Amino acid sequence: MTKKDLTIIRNLLIQRKAEFLNKVKTAKRNISNGFTEEVGDEIDAAVQNKDKEMSFEIAANDQIIMEEINEALGKLEKGAYGACECCGEAITIQRLKAIPWSRYCIKCQQEAERPKR
Ligand SMILES: [Zn+2]
């Protein structure tokens, strides 16, 4: 991996981090709005509850990806970025550009995702 690639990846990670922080902030605001708003009737309440649940889901999922991004940024700082945590092989630059917080090479990822019998 070249220095230029690393800079691109670092920018991608920082950008995604900012996007997620924004999304989480919006989701949290929606949740607190939902609690203070007056509820018109039961149908409204049901719709609002559904929205609230979704907001929580988005925030929880984002939280996980945020941790992955922080982890990846940490590895970038240490110069340990880009190696598969399972087999130690270099993760392809194409894969890293698509998912900059990838921990595993495509082979190990597929192995992990394959349903176990
Ligand atoms: Zn691997």
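Going by the structure above, here's the rest.
To start, this report covers the structure provided alongside it. Model, not experiment: these values are computed from the prediction.

Reading guide: rules and limits
Residues numbered from 1 in each chain as written. Predicted model: local features only at pLDDT ≥ 70, side-chain atom pairs only at ≥ 80, totals over all residues. Heavy atoms only, no water. Core = buried A, V, L, I, M, F, W, Y, C linked by side-chain atoms within 4.5 Å. Buried < 20%, exposed > 50% of the residue type's maximum accessible area, 1.4 Å probe, protein only. Helix = DSSP H or I, 4+ residues; strand = E, 2+ residues; numbered from the N terminus. Contact = heavy atoms within 4.5 Å. Donors = N, O, S within 2.8 Å, 3.2 Å for Na, K, Ca; no water. Tetrahedral: all angles 85-135°; square planar, octahedral: opposite > 155°, others 65-115°.

1. Some remarks on the nonpolar core
Phase 1: Residues Ile9, Leu13, Ile69, Leu76, Tyr81 and Trp101 are the most contacted members of the largest nonpolar core, which totals 16 residues.
Phase 2: At the level of secondary structure, the elements contributing two or more residues to this core comprise α1 (3–36) and α2 (42–78).
Phase 3: Here the element with the most residues in this core is α2; it accounts for six residues.
Phase 4: Ignoring any residue separated from it by four or fewer positions in sequence, one finds Tyr81 in contact with Met1, Leu6, Ile9, Ala72, Lys75, Leu76, Leu96 and Pro100.

2. Describing the coordination of the zinc ion
Phase 1: Here the zinc ion is held by Cys84 (SG), Cys87 (SG), Cys105 (SG) and Cys108 (SG), and the distances to it run 2.2 to 2.4 Å.
Phase 2: Around the zinc ion, the four donor atoms are arranged such that angles at the metal cover 103 to 115°; this shape is classified as tetrahedral.
Phase 3: All donor residues of the zinc ion come from one chain, and their arrangement in sequence is C-x2-C-x17-C-x2-C. Of the two residues, Cys84 is situated in the loop between α2 and α3 (93–98) and Cys108 in helix α4 (residues 106–113); the sequence distance between them amounts to 24 residues. Cys108 shares its class with Cys84; the two are buried.

3. Considerations on the side chain of Lys75
Phase 1: Among the secondary structure elements, Lys75 is positioned in helix α2.
Phase 2: Other than its neighbours up to four places away in sequence, Lys75 contacts Ala80, Tyr81, Glu85 and Arg103.

4. Some remarks on the environment of Ala90
Phase 1: Here Ala90 lies in the loop between α2 and α3.
Phase 2: Looking at Ala90, the relative accessible area reads 63%, which means it is exposed.
Phase 3: On a C-alpha basis, the gap between Ala90 and Met1 in space is 8.9 Å, while along the polypeptide they are 89 residues apart.
Phase 4: Aside from chain neighbours lying at most four places away, what touches Ala90 is Gly82 and Ala83.

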